[in-house]
Amino acid sequence: MQTVLITGANRGLGLALAHSFSVSGYVLYLVVRTTAAKSELINRFPDANILVCDVTSLEYESRLKEWLGLSVLDVVINNAGSGTKAPTLKSTKAEFLRKEFDTNCVSVLSTVKGALGSLKRKHDSLVVNISSRRGSLTMQSELAAKGTGCSYSYRISKAAQNMLTLCLADDLEDINIRVVAIHPGRLLTEMASKDACMTPELSAAKLVALVQGNSLKTRDYISLETGILPW
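Since this is a predicted model, take the numbers as computed values, not measurements.

Draft legend 1. Layout of the overall build of the chain. Scanning the chain from N- to C-terminus turns up 7 helices and 8 strands. Relative to the 2.2 N^0.38 estimate, which gives 17 Å for 231 residues, the radius of gyration of the chain is 17 Å and therefore close to what a compact globule would have. Dimensions of the chain along its principal axes, counting C-alpha atoms only, are 50 × 35 × 30 Å. When each of the 231 residues of the chain is scored for burial, the buried share is 48%. Of the roughly 11,100 Å² of accessible surface on the chain, a fraction of 54% belongs to carbon and sulfur atoms. Of the side-chain charges in the chain, 26 are positive and 21 negative, and the distance between the mean point of each set is 5 Å.

As structure tokens, this is what we get:
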């Protein structure tokens, strides 16, 4: 039986991923922030293992490690994320950057460290970091984000997450853990971009297909709409 850990699993893409992996026969390990979210997920996935913990909290890494115990993980998906509507120098604030950096980058590190023992128990396990096209320095330099309304804090934190993905890939490939960055597409969610067009359900189905097809190579940076993205 294959297993998957998903952070931010109670809504949007996280919920769609939980459903897609569940119907594909995976055992679910889900991380959410509130007991209310846990209750909702139990109704949907009665056999799921669910941890209630804020991924930005100081105790998250140790709580995750203790909760996982001697479990074995095939896949870890760092999906929890946040954004702020502040696309200009005038509107952005240092506190926005700190919040997004903690959620979109630091929590990814904490999840991988907390889940590392479980990942190492499975030969050729996989870490998927849900990134964004807006984290691409190449695309930013080519003005792809100019005028889109995407915030400073979101772009900067996703670029930092992308660097973390590459650092993790360097560190973990010798123990057969692949690490990839995935732009899930222009999703129709609460954080939707102006050009959003893809449902979370379709995005989740595409990602599950890539995972099951063993199609992801370490250091990949892929858009589920268009293919390989430039770092």
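What follows continues from the structure just given.
Draft legend 2. Fine view of the side chain of Asp 220. Tracing the sequence through the fold places Asp 220 in the loop between helix H7 (200-212) and strand E7 (221-223). The buried category is assigned to Asp 220, whose relative accessible area is 7%.

Draft legend 3. Structural context of the packing of helix H3 (residues 60-68) against helix H4 (residues 94-120). Where H3 contacts H4, the axes come no closer than 8 Å and their chain directions differ by 25°. For the element pair H3 / H4, the angle class is roughly parallel. Here H3 runs over H4; the crossing is right-handed. Listed contacts from H4 to Tyr 60, Glu 61, Leu 64, Lys 65 and Leu 68 of H3 are Ser 107, Ser 110, Thr 111, Lys 113, Gly 114, Ala 115 and Ser 118. Broken down by class, the residue content of the contact of H3 with H4 amounts to 4 nonpolar, 5 polar and 3 charged.

Parameters and conventions
- Residues numbered from 1 in each chain as written.
- Predicted model: local features only at pLDDT ≥ 70, side-chain atom pairs only at ≥ 80, totals over all residues.
- Heavy atoms only, no water.
- Helix = DSSP H or I, 4+ residues; strand = E, 2+ residues; numbered from the N terminus.
- Rg over C-alpha atoms; globule rule 2.2 N^0.38 Å.
- Buried < 20%, exposed > 50% of the residue type's maximum accessible area, 1.4 Å probe, protein only.
- Areas by Shrake-Rupley, 256 points an atom, 1.4 Å probe, with all protein chains shown as cover.
- Lys, Arg positive; Asp, Glu negative; His and termini not counted.
- Charge placed at Lys NZ, Arg CZ, Asp CG, Glu CD.
- Axes fitted to C-alpha atoms, helices over the stretch in contact; angles between N-to-C directions.
- Parallel < 35°, antiparallel > 145°, perpendicular 65-115°, else oblique.
- Left-handed = near helix turned anticlockwise from the far one by under 90°.
- Contact = heavy atoms within 4.5 Å.
- Nonpolar A, V, L, I, M, F, W, Y, C, P; charged D, E, K, R; others polar.

Functional significance is not addressed by these values, which are geometric in nature.
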